[in-house]
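# Coordinates in review
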Amino acid sequence: MKKLILLSILAISFFKASSQDSVPVTREVQDYIFKNFTEGTVRKKTGQLVQAVLNYNTLTEEMIFEKNGQRLAMSQLEDIDTVYIDDKVFVPVGKVFYEKATNTPKALYIEHKNDIVPPGKNMGYGTTQSGSVTAINKISGTHQLYSLDLPTDYKFTKRTIYWLNDGGGFVPLKNMHAVISAFPSHSAAIRDFVKTNKISFAKDEDVIKLILFCN
């Protein structure tokens, strides 16, 4: 579908040149976990600690640091053990970072993502037209586009993916049934806890509370 040329609209809004008098009305995209860049600590696998001004970009899924007035994506993730920003802890998983949300035997990790949804492409809660999103990510994945605006008819949709890890790999947690599968001996207690506490998988704090209870 060659209508992916709509990316040219995004390209126009991404680059803020003074000559852009005819750019559509735009709004700033909130594509970072933290409102502001803040001092954080990077722990390397060698044990070395490095201080940096950091934030996490949820659109490109990259750890971004500020240096000499520029925003750059952190590279050589295979050498990084942990990143600490405010009260959050992040670990590299492949080419992205997950937030480690609980320090439990079976630990909860949160993958923070965002999608840009073109006008008329809303496919329901948590889903978008994959072709458009993929193409947009190719643009935003150039390690340069970390401050961007969008035309007002584009939507910015948050997607949160929960993972459980007991040291043997990451298992997705999509709902209560997945949690019960991970803690089968606690099935009755889990159901009662979810009902009593009105646990919602749309809220990070609720899922954290549930995993703490299960452990």
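Data block above holds the structure.
What counts, and at which threshold
Residues numbered from 1 in each chain as written. Predicted model: local features only at pLDDT ≥ 70, side-chain atom pairs only at ≥ 80, totals over all residues. Heavy atoms only, no water. Pairing = 2+ DSSP bridges. Helix = DSSP H or I, 4+ residues; strand = E, 2+ residues; numbered from the N terminus. Axes fitted to C-alpha atoms, helices over the stretch in contact; angles between N-to-C directions. Parallel < 35°, antiparallel > 145°, perpendicular 65-115°, else oblique. Left-handed = near helix turned anticlockwise from the far one by under 90°. Contact = heavy atoms within 4.5 Å. Nonpolar A, V, L, I, M, F, W, Y, C, P; charged D, E, K, R; others polar.

On to the pairing of strand β3 (residues 49-57), then. Where strand β2 (residues 38-44) meets β3, six bridges bridge the pair, whose relative direction is antiparallel. Residue pairing across strands places Arg 43 opposite Leu 49, the latter belonging to β3. A loop of four residues connects β2 with β3, the two strands running antiparallel in sequence, and Gly 47 in this loop sits at a positive phi of about 100°. For β3 and strand β4 (residues 62-67), the ladder comprises five bridges, and the chain directions are antiparallel. Bridge assignment links Tyr 56 to a residue of β4, and that residue is Met 63.

The next point concerns the packing of helix α4 (residues 187-197) against helix α5 (residues 204-214). The contact between α4 and α5 brings their axes to 11 Å, and the two run at 150°. Considered as vectors, α4 and α5 are oriented roughly antiparallel to each other. In this structure, the crossing between α4 and α5 has a hand that is right-handed. Note on element contacts: α5 touches α4 through Lys 209, Leu 210, Phe 213 and Cys 214, opposite Ala 189, Ile 190, Phe 193 and Val 194. The residue makeup of the contact of α4 with α5, split by class, is seven nonpolar, no polar and one charged.

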